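Now for the letters of each chain:
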Amino acid sequence: MADKRVALVTGANKGIGFETCRKLAANDITVILTARNEKNGSVAVEKLKASGLSDVVFHPLDVKEPASIASMAKFVETNYKKLDILINNAGENGNAVNLEALPSIINGGMLQVFDENVDKVKEVSTETYEMAVQCLRTNYYGTKRVTEALLPLLQLSKSARVVNVTSFFGQLQFFYNKKFKAEMSDVENLSEEKIDGILQWFLKDFEEDKLKANGWPLTVAAYKVSKAAIIAYTRIMGKKYPNILINCVHPGYVRTDMSYRTGPLTPEEGARAPVMVAMLPDDGPSGRYFYEMQESTTF
Ligand code: NAP
């Protein structure tokens, strides 16, 4: 059918991304399921097909690699000539944990990765400078570069949607750095260049062991910074492209590999909010942050 909507989901071989593909396909949308690992991505597509969802295709995509992004965009252009829905879901948590010791930072089934708990968290998990660099590269720069590559095709859609999967950990309540908070809250003057500068500043402080001195988060620091940057980027892009609904969403606390299988929600439940935001009506909001199913003014 010529007018069938086409969606692309990043990091969709498992977790929330995979379940997002399932829901989109069940809503009569053509789904391009992407993953950096070809085998895992193909197996995921086969699973959806076996459940009766036939209009799902796989294409490889590593959001860290410009050549991979370019090849994915070419594939969409050649085969579909437009894109209606982009879900930037791929992400990494920027730390490595000792799984045996993990229970010592779980309370009530939830990871206690808050700064009040920093000493305990440090006993269990490691965050190196290189991990921080890679975390920003995947979560923030991956989102930005994939969006940039697909914008020309999104512009050809009659009702384009971009959904950036962020986290409540990107909310400013997790930051004590006053300058950072002021710049991130100043929507009128936010720019991609400003975000770049802030991320460089964070990495420099990370490298020089100045996170505490300068009020950055001390636990899961790069992840929190990357998700705050995604919220800020969404606000910028929502203003810059008025003909596309560009929003970001915290999917909830979901039991996936990223959360070491802790948290109250199943991946299926975690996919609800990203899909709801992807299906917003044409007069829906843009440049906003959704906390699960509700638009939130708390950033
Ligand atoms: P997950 O099951 O670990 O899935 C993460 C996905 O991202 C995997 O498919 C992974 O691929 C992919 N990925 C990582 N680096 C990539 C890269 N460079 N290129 C392409 N794909 C890459 O975790 P999840 O919980 O579903 O996470 C999905 C999104 O939800 C993330 O953005 C996460 O930050 C966000 N989120 C999750 C929670 C939660 O509680 N789980 C809460 C808030 C936000 P591989 O399998 O190849 O590693």
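Structure: see above.
Each value, and the rule that gives it
In this convention, every chain numbers its residues from 1, walking through the sequence in written order. Side-chain atom pairs in this predicted model are given and counted only at pLDDT of 80 or more, local residue features only at pLDDT of at least 70, and totals for whole chains, interfaces and linings cover all residues. Side-chain descriptors were evaluated using all non-hydrogen atoms of the structure, hydrogens and water having been removed beforehand. DSSP bridges decide pairing: two strands pair if at least two such bridges lie between them. By the criteria applied, helices consist of DSSP H or I runs no shorter than four residues and strands consist of E runs no shorter than two, each listed in order from the N terminus. Throughout, an axis means a line fitted to C-alpha atoms (over the contacting stretch in the case of helices), and angles, computed between N-to-C directions, take values from 0 to 180 degrees. Pairs of residues are marked as contacts when any of their non-hydrogen atoms sit within 4.5 Å. When a residue's accessible area, from a 1.4 Å probe over protein chains only, is under 20% of the maximum for its type it is buried; when over 50% it is exposed; and in between it is partly exposed. Lys and Arg are tallied as positive, Asp and Glu as negative. Neither His nor the chain termini are counted. Only one rule defines a salt bridge in this text: a Lys or Arg side-chain nitrogen within 4 Å of an Asp or Glu carboxyl oxygen. For the purposes of these results, a polar contact is taken to be a pair of N or O atoms within 3.5 Å, where, inside protein, one atom must be able to donate a hydrogen and its partner to accept one; residues adjacent in sequence count only when each atom of the pair is a side-chain atom.

### Some thoughts on the sheet that holds strand β9 (residues 160-165)
- With mixed pairing, eight strands are arranged side by side in an open sheet as β3-β2-β1-β4-β9-β10-β11-β12. Across the chains shown, the open sheet's two edge strands, defined by having one partner strand only, are β3 (56-60) and β12 (294-296). Going across the sheet, the axis of each strand differs from the next one's by a mean of 25°, ignoring polarity.
- Inspection of the sheet shows β9 paired to strand β10 (residues 244-250) by six bridges, in the parallel sense. Pairing of Val165 across the sheet is with Val249, part of β10.
- In this fold helix α3 (residues 66-80) packs onto β1 (6-9), β2 (30-35) and β3, with an angle of close to 150° to the strand it touches most, β3.

### Details of the side chain of Arg235
- Locating Arg235 in the fold gives a position in helix α8 (residues 221-240).
- It turns out Arg235 is buried and unbridged, and the closest side chain with the opposite charge, Glu188, is 8.9 Å from it.

### Topic: the side chain of Asp115
- Here Asp115 lies in the loop between β7 (110-111) and α4 (118-124).
- Among the polar contacts listed, one links the side chain of Asp115 to the backbone nitrogen of Leu218, at a separation of 2.9 Å.
- For Asp115, the side chain forms a polar contact with the side chain of Thr219, separated by 2.8 Å.
- Excluding anything up to four places from it in sequence, Asp115 contacts Tyr176, Trp216, Pro217, Leu218, Thr219 and Lys224.

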